[in-house]
Amino acid sequence: MVHFIGAGPGAPDLITVRGQKLLGEADIIIYAGSLVNPALLDLKKEGCVVYNSATMTLEQVIDVMKEAESKGQTVARLHTGDPCLYGAIREQIDALDALGIAHDDCPGVSSFCGAAAALEMEYTLPDISQSVVITRMAGRTPVPERESIASFAAHQATMVVFLSTGLLEELSRELIAGGYTADTPAAIVYKATWPEEKTFVCTVGTLAETAKKNQITKTALMIIGNAVSQGNYRRSDLYNPAFTTEFREAEK
Ligand code: SAH
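- The protein chain is annotated in an unreviewed UniProt entry as Precorrin-4 C(11)-methyltransferase of Fusicatenibacter saccharivorans.
- In the Sequence similarities (unreviewed entry) part of its UniProt record, the protein chain is described as follows: "Belongs to the precorrin methyltransferase family."
- We quote the UniProt Pathway (unreviewed entry) comment for the protein chain here in full: "Cofactor biosynthesis; adenosylcobalamin biosynthesis."

**Observations concerning the overall build of the protein chain**
Right, on to step 1. Helices and strands together make up the secondary structure of the protein chain, namely 7 helices and 10 strands.
Right, on to step 2. The principal-axis extent of the C-alpha atoms belonging to the protein chain is close to 60 × 50 × 35 Å.
Right, on to step 3. Counting every position in the protein chain, which comprises 252 residues, the buried fraction comes to 44%.
Right, on to step 4. When the accessible surface of the protein chain is totalled, it reaches about 13400 Å², and 51% of it is carbon and sulfur.
Right, on to step 5. If the 21 positive side-chain charges of the protein chain are averaged to one point and the 31 negative ones to another, these points end up 3 Å apart.

**Re the site of the ligand**
Right, on to step 1. For the ligand, the set of nearby residues contains 18 residues, the closest of which are Leu85, Ser110, Ser111, Ala192 and Ala220.
Right, on to step 2. Between the ligand and proline 9 there is a distance of 2.8 Å, counted from a nitrogen atom to a backbone nitrogen or oxygen.
Right, on to step 3. Residue leucine 163 places a main-chain N or O atom 3.0 Å away from an oxygen atom belonging to the ligand.
Right, on to step 4. Surface burial for the ligand is 94%, taken as the share of its 550 Å² of free accessible area covered by protein chains.
Right, on to step 5. A majority-of-atoms criterion places the ligand in the largest pocket.
Right, on to step 6. Here the shell around the ligand is composed, by residue class, of 11 nonpolar, 5 polar and 2 charged.

**Overview of the sheet that holds strand β8 (residues 185-190)**
Right, on to step 1. On the basis of which strands lie adjacent, the open sheet formed by 5 strands has the order β6-β7-β10-β8-β9 and mixed pairing. In this open sheet, the two strands that pair with only one neighbour each are β6 (132-136) and β9 (198-203). Taking each pair of neighbouring strands and ignoring which way they run, the sheet shows an average axis angle of 20°.
Right, on to step 2. With 5 bridges connecting them, β6 and strand β7 (residues 158-162) associate as parallel partners. Bridge pairing links valine 132 to threonine 158 in β7.
Right, on to step 3. Against the sheet, helix α4 (residues 111-119) touches β6, β7, β8, β9 and β10 (220-224), its axis set at about 70° to β10.
Right, on to step 4. Packed onto the sheet, helix α6 (residues 168-177) meets β7, β8 and β10 and runs at close to 20° relative to β10.

Cut-off values and rules
Residues numbered from 1 in each chain as written. Predicted model: local features only at pLDDT ≥ 70, side-chain atom pairs only at ≥ 80, totals over all residues. Heavy atoms only, no water. UniProt positions renumbered as here; feature names shortened; annotations may be inferred. Helix = DSSP H or I, 4+ residues; strand = E, 2+ residues; numbered from the N terminus. Buried < 20%, exposed > 50% of the residue type's maximum accessible area, 1.4 Å probe, protein only. Areas by Shrake-Rupley, 256 points an atom, 1.4 Å probe, with all protein chains shown as cover. Lys, Arg positive; Asp, Glu negative; His and termini not counted. Charge placed at Lys NZ, Arg CZ, Asp CG, Glu CD. Near = heavy atom within 4 Å. Polar contact = N/O pair within 3.5 Å; in protein donor to acceptor, adjacent residues only side chain to side chain. 1 Å grid on protein atoms, 1.4 Å probe; cavity = no way out; pocket = protein on both sides within 12 Å on 5 of 7 lines; lining within 4 Å. Sits in = over half its atoms within 2 Å of the grid points. Nonpolar A, V, L, I, M, F, W, Y, C, P; charged D, E, K, R; others polar. Pairing = 2+ DSSP bridges. Axes fitted to C-alpha atoms, helices over the stretch in contact; angles between N-to-C directions. Contact = heavy atoms within 4.5 Å.

In C-alpha cells form, the structure reads like this:
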C-alpha cells in the first residue's frame, strides 16, 4: 500500500492529523527533499527507512515501492503542500496501477494557502475578485499556449504564480501585456510558514526588483491582483444583518 501524503507548506505542525498518523505508521518514507521540511521525519517509527526523492528518478521511486509491496510494507510518499499541485503524482499512480499496487491520497495544506496566511489575506474579496488562478510561467516544463499568463491576466482575478521566482521580469511583462497596470498590487511570499518566512508587498512593475533587493531566488509564490491591497471591497452578504440566509433571518 502506498499513501500519497501532502506534507503542508513547511511548518511541521501543518501536516494533517491523518497525514501525521500515516507517516508514523509507514515502514518506508519517500519524501520530496527539495521542499518538504525534514523535521517531519521525526514522526517516523523505529526501523522506518527513509528515501529522498530529490535525487531519484520516477523508476527508482517505483522500484522502492515495488520492493516494499513485495514485503507487505507500507509506503508514505510525502509531497510538499498538497500533492495535487505540481506534484507529479499521476505518473506514480499510473505505474502503481500497472503493477497492481494499492494507493490512496491524503491532502495537505498547499503553499498557496500558507502564503495567504502569511499575508493574512482573503484571495476572494467581494467586488474585487471571486476567483483564484493558480499557474506558473513556462520554464523547462512548458505551459500550454492557451494558458499564457497574459490571457489569465485579462481576467484581473487574483493570481498565484508558482515555480517562477527566477522569471520575474518576464512575469511582469506578461501580466502588463495581459492588462494589469504596473501599479497593480502584488506580493512575494518566501518560504511561507517556515521559520525563515518573508513577505514583501510590491506591485506588478516591481516584482523583479523586490526579489533581487531581498535576494529571493526560489521557494516563493507571487500573488497578483487588487485583492493584495485588501481595500475597496464590499462587505459580505453572509454576515450582513440586512441579508437573510439559510440559517439566519434578516434583522427588521
Ligand atoms: N504541491 C506544492 C507545490 C509544489 S511546486 C504545493 O501545494 O504547495 C514547488 C513550488 O511551490 C515552489 O517553486 C514554490 O513556488 C512553491 N512553494 C512550495 N512551498 C512553498 C512555501 N512554503 N512558500 C512559498 N512557496 C512555496
